[in-house]
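Okay, here's what each chain looks like letter by letter:
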Amino acid sequence: MTPHSPAPHADIAGLLLAAGGGSRLGGRPKALLPYRGRPLVEHAAGVLRAAGCTPIHVVLGAQAAEVRERARLDGCVLVDNPDWPDGMGSSLRAGLRSLAGTGARAVLVSLVDQPGIGPAAAARVLAAFTDEHSLASAAYDGVRGHPVLLGSAHWPGVAATATGDRGARAYLREHTADIRLVECGDVAEAYDIDTEADLDRLQ
């Protein structure tokens, strides 16, 4: 931890959703895309660690065995999601289940395919935590994005509505008035690595 890094926040877990198969990338799992000489999943987990999350749970799916073999994810809890083809919702549910019994009062959820979002943005959203009922999200020019902070009181509701590729979207829409938006557009870029054209952003 550098002198300027936030202290680990034992109450807030990090949850990295990294199970996707990269169907629009020729079937290359996003977790294994090369970024700065290492698998992208390493970078994404490192962002949560640098922001102060502990523990960090990483949900794997497509080519999970290869991700485990190639990526250095020491200290992370690796969660296998056999239902990953069903979409992000299944990974979010698997991740929330894996946090049961950890004592975490909230979780900071991030996506593996957003390398433009670094520790500064993640730490800002983490700082919005007050208690188990906290609900906060990064915003980019006022538009809600990732990462998202979910107090543990919200986990059952999120899990019940997380289907397909929607993740927590339906739950957050129903609770818009309760979400604290944390502007991060000055410290991060919220692009996704979805298509071949996006791969240039990984250089």
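Residues numbered from 1 in each chain as written. Predicted model: local features only at pLDDT ≥ 70, side-chain atom pairs only at ≥ 80, totals over all residues. Heavy atoms only, no water.

Bringing the confidence of the model for the protein into the picture now. Within the protein, residue pLDDT values average 92, and 95% of them lie at 70 or more. Overall, residues 1-5 carries pLDDT values under 50, and its contacts beyond four positions in sequence, including any with other chains, amount to 4 contacts. (pLDDT = per-residue confidence, 0-100. Contact = heavy atoms within 4.5 Å.)

For the rest of this paragraph, the subject is the packing of aromatic side chains. Going through the model one piece at a time under the given rule, you end up with 0 aromatic pairs. Note that Arg-201 overlies the ring of Tyr-191, its terminal NZ or CZ placed 4.1 Å from the centroid. (Phe/Tyr/Trp six-rings, centres within 6.5 Å; stacked < 30°, edge-to-face > 60°. Lys NZ or Arg CZ within 6 Å of the ring centre and 35° of its normal.)

So, about the pairing of strand E6 (residues 106-111). Judged by how many residues are buried, E6 sits mostly within the fold: 6 of 6 residues are covered. Covered by surrounding structure in E6 are Ala-106, Leu-108 and Ser-110 together with Val-107, Val-109 and Leu-111, the residues of both alternating faces. Across 6 bridges, strand E1 (residues 12-18) lies against E6 in parallel orientation. Within the sheet, the bridge partner assigned to Leu-15 lies in E6 and is Val-109. Strand direction decides the pairing type here: E6 and strand E8 (residues 143-151), joined by 4 bridges, are antiparallel. By the bridge assignment for E8, Val-107 is matched with Leu-150. (Buried < 20%, exposed > 50% of the residue type's maximum accessible area, 1.4 Å probe, protein only. Helix = DSSP H or I, 4+ residues; strand = E, 2+ residues; numbered from the N terminus. Pairing = 2+ DSSP bridges.)

Here the focus is the nonpolar core. Core analysis: the biggest nonpolar cluster contains 46 residues, and Leu-16, Ala-18, Val-41, Val-58, Leu-108, Val-125 and Leu-149 have the highest contact counts within it. Of all the secondary structure elements, the ones that give two or more residues to this core are E1, helix H1 (40-51), strand E4 (56-60), helix H2 (64-70), E6, helix H4 (119-126) and strand E7 (135-140). Here this core gets 7 residues from one element, more than from any other, and that element is H1. Dropping the residues within four chain positions of it, Ala-18 is found in contact with Ala-31, Val-41, Val-58, Val-59, Leu-60, Gly-61 and Val-112. Grouped together as the second largest cluster of nonpolar side chains are 24 residues, Ala-94, Leu-99, Ala-168 and Tyr-171 included. (Core = buried A, V, L, I, M, F, W, Y, C linked by side-chain atoms within 4.5 Å.)

Here we take up the packing of H1 against H4. A packed helix pair is summarised by two numbers, namely the angle formed by the two axes and the spacing between the axes. Relative orientation of the contacting elements H1 and H4 amounts to 50°, with a least axis distance of 8 Å. As summarised for this structure, H1 and H4 are arranged oblique, according to the angle between their axes. Between H1 and H4 lies a crossing whose hand is right-handed. Across from Val-47, Ala-50 and Ala-51 in H1, the residues of H4 making contact are Pro-119, Ala-122, Ala-123 and Leu-126. (Axes fitted to C-alpha atoms, helices over the stretch in contact; angles between N-to-C directions. Parallel < 35°, antiparallel > 145°, perpendicular 65-115°, else oblique. Left-handed = near helix turned anticlockwise from the far one by under 90°.)

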